Amino acid sequence: MVRKIIIDTDPGQDDAVAILLALASPEEIEVLGVTAVAGNVPLHLTQRNARMVCELAGRSDMKVFAGCDRPMVRPLVTAEHVHGQTGLDGPVLPEPTMPLQDKHAVDFIIETLRAEEAGAVTLCVLGPLTNIAMAFQMAPDVVEKVQEIVLMGGAYFEVGNITPAAEFNIYVDPQAAAVVFASGVPIVVMPLDVTHKVLVTKARANAFRDLGNTCGPVVAEMTDFFERFDMEKYGSDGGPLHDPCVTAYLLKPELFTGRQINVEIEVASELTLGMTVADWWRVSDRAPNATFMGDVDADGFFDLLNERLARLP
Ligand code: RIB
Ligand code: CA
């Protein structure tokens, strides 16, 4: 059964790999559209980058939409220090020639969900949750059309990567995250607790380089650039491939283990704004609202990634 998805994204080198993995797997995944949001870099760059990645995958037919250019309440915080000025630094890629759709991404999400059966569409969210929260607020009737939301965001044992308490995607738009986590939609969370376990070691980067196609070496150039921030900060043996965990879950959920727990979002405290308060030990009486992942088979993840990326041009 092919799963229908919308990819909401702020590319970002790791977003790019997540998108490539989805587009390399048409037997399992039908991408209805790619919606860009402001996050790692401003919207005019995330929509450009999303189109460049689709063209890299040979999918210039893909519908790419621009969404919200800033969070619901907070001022936009970007991450050029991690992703470079363009958000896709590393490889030299041609400017996109495929069109950006005129329709606003939030309208695309609403209209697509309205046209589908209940529970028919999975939302794969790779950046701040602004577009999703706006769609749910503008059209509450579409919430029931969502099969599940699989998102990269948050942290528990790993704590924050943009502040001591918060992970970037949630921190940028905590109000949007709070709307989504309160929506009642089944949510699968890929937090830093998992993504920091899928590090692009030298050997893994070389495996990308040796795939024998165009995409492999380009992915290696992306991760070579993107990893320097995390390696410097954590002294890790490579950069974490955050967002591809979302796509990998759709293809091989058994790679991941986690718990059904309650997750609330801090939206008020300046000190801990954007923290995912994950009740991992179930010490509160708050009802579970998410499957919060805690572990991953990293070698299995990279085996899947290599096998699928090799299918691309
Ligand atoms: O904290 C990591 C997340 O923030 C990833 O989605 C990365 O692309 C950035 O958006
Ligand atoms: Ca991202």
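That block above? That's the structure.
Residues numbered from 1 in each chain as written. Chains lettered and ligands numbered in written order. Predicted model: local features only at pLDDT ≥ 70, side-chain atom pairs only at ≥ 80, totals over all residues. Heavy atoms only, no water.

*Asks:* I would appreciate a short explanation of the coordination of the calcium ion (ligand 2) in the present structure.
*Replies:* Each pair of donors in an ideal four-coordinate tetrahedral metal site encloses 109.5 degrees, whereas pairs in an ideal six-coordinate octahedral site enclose 90 or 180 degrees. The protein atoms donating to the calcium ion (ligand 2) are Asp10 (OD), Asp15 (OD), Asp15 (OD), Leu126 (O) and Asp243 (OD), with metal-donor distances spanning 2.3 to 2.5 Å. Sequence positions of the residues that donate to the calcium ion (ligand 2) give the spacing D-x4-D-x110-L-x116-D. Note that Leu126 is positioned in the loop between β4 (121-125) and α5 (130-138) and Asp243 in the loop between β8 (239-240) and α11 (244-251), a separation of 117 residues in sequence. Given the relative accessible area of 2%, Asp243 is considered buried. (Donors = N, O, S within 2.8 Å, 3.2 Å for Na, K, Ca; no water. Helix = DSSP H or I, 4+ residues; strand = E, 2+ residues; numbered from the N terminus. Buried < 20%, exposed > 50% of the residue type's maximum accessible area, 1.4 Å probe, protein only.)

*Asks:* Would you explain the side chain of Glu227 in this entry?
*Replies:* Structurally, the position occupied by Glu227 is in helix α10 (residues 215-234). Glu227 sits in the buried class, given a relative accessible area of 5%. A distance of 3.1 Å separates polar atoms of two side chains, one belonging to Glu227 and the other to Lys202. In this structure, Glu227 is in contact with Val200, Lys202, Gly238 and Gly239, ignoring residues within four places of it in sequence. (Polar contact = N/O pair within 3.5 Å; in protein donor to acceptor, adjacent residues only side chain to side chain. Contact = heavy atoms within 4.5 Å.)

*Asks:* Honestly, empty space enclosed by the protein in this entry has me stumped. Any pointers?
*Replies:* Gaps between atoms show up when a probe of the same size as a water molecule is rolled over them. All chains considered together, the criterion is met by one cavity of 30 Å³ or more. Lining the largest cavity we find 21 residues, and of these Asn40, His83, Asn161, Phe168 and His242 sit closest to its centre. Listed by contribution, the elements that provide at least two residues to the lining of the largest cavity are α1 (13-23), α3 (80-83), α6 (168-172) and α10. Of the residues contributing to the lining of the largest cavity, the split by class is nine nonpolar, six polar and six charged. (1 Å grid on protein atoms, 1.4 Å probe; cavity = no way out; pocket = protein on both sides within 12 Å on 5 of 7 lines; lining within 4 Å. Points joined across faces, edges and corners; volume = space filled by probe spheres on them. Nonpolar A, V, L, I, M, F, W, Y, C, P; charged D, E, K, R; others polar.)

*Asks:* How should I be thinking about the pattern of salt bridges in this particular structure?
*Replies:* Two side chains that carry opposite charge are able to pair once their charged atoms sit near each other. On inspection of all chains with the given rule, the structure shows 15 salt bridges. For Asp224, the salt bridge identified is with Arg209, shortest N-O distance 2.9 Å. Here Arg209 lies in helix α9 (residues 202-209) and Asp224 lies in helix α10, a separation of 15 residues in the sequence. Looking at Asp224, the relative accessible area reads 30%, which means it is partly exposed. Within this structure, Glu27, Glu28, Glu307, Arg308 and Arg311 form a network of salt bridges that share partners. (Salt bridge = Lys/Arg side-chain N within 4 Å of Asp/Glu carboxyl O.)

*Asks:* Can you help me understand the packing of aromatic side chains in this one?
*Replies:* What characterises a pair of aromatic rings is the spacing of the ring centres plus the angle enclosed by the ring planes. Applying the stated criterion across every chain, the model contains eight aromatic pairs. Aromatic side chains Phe65 and Phe108 sit 4.0 Å apart centroid to centroid with 20° between the ring planes, which places their arrangement in the stacked category. Within this pair, whereas Phe65 is found in strand β3 (residues 64-66), its partner Phe108 is found in helix α4 (residues 105-115), the two being separated by 43 residues in sequence. Phe108 matches Phe65 in its accessibility class, with the two residues each being buried. Chaining the aromatic ring pairs together yields one cluster made of Tyr156, Phe157, Trp280, Trp281 and Phe292. Above the ring of Phe225, the side-chain terminus of Arg228 is found at 4.1 Å from the ring centroid. (Phe/Tyr/Trp six-rings, centres within 6.5 Å; stacked < 30°, edge-to-face > 60°. Lys NZ or Arg CZ within 6 Å of the ring centre and 35° of its normal.)

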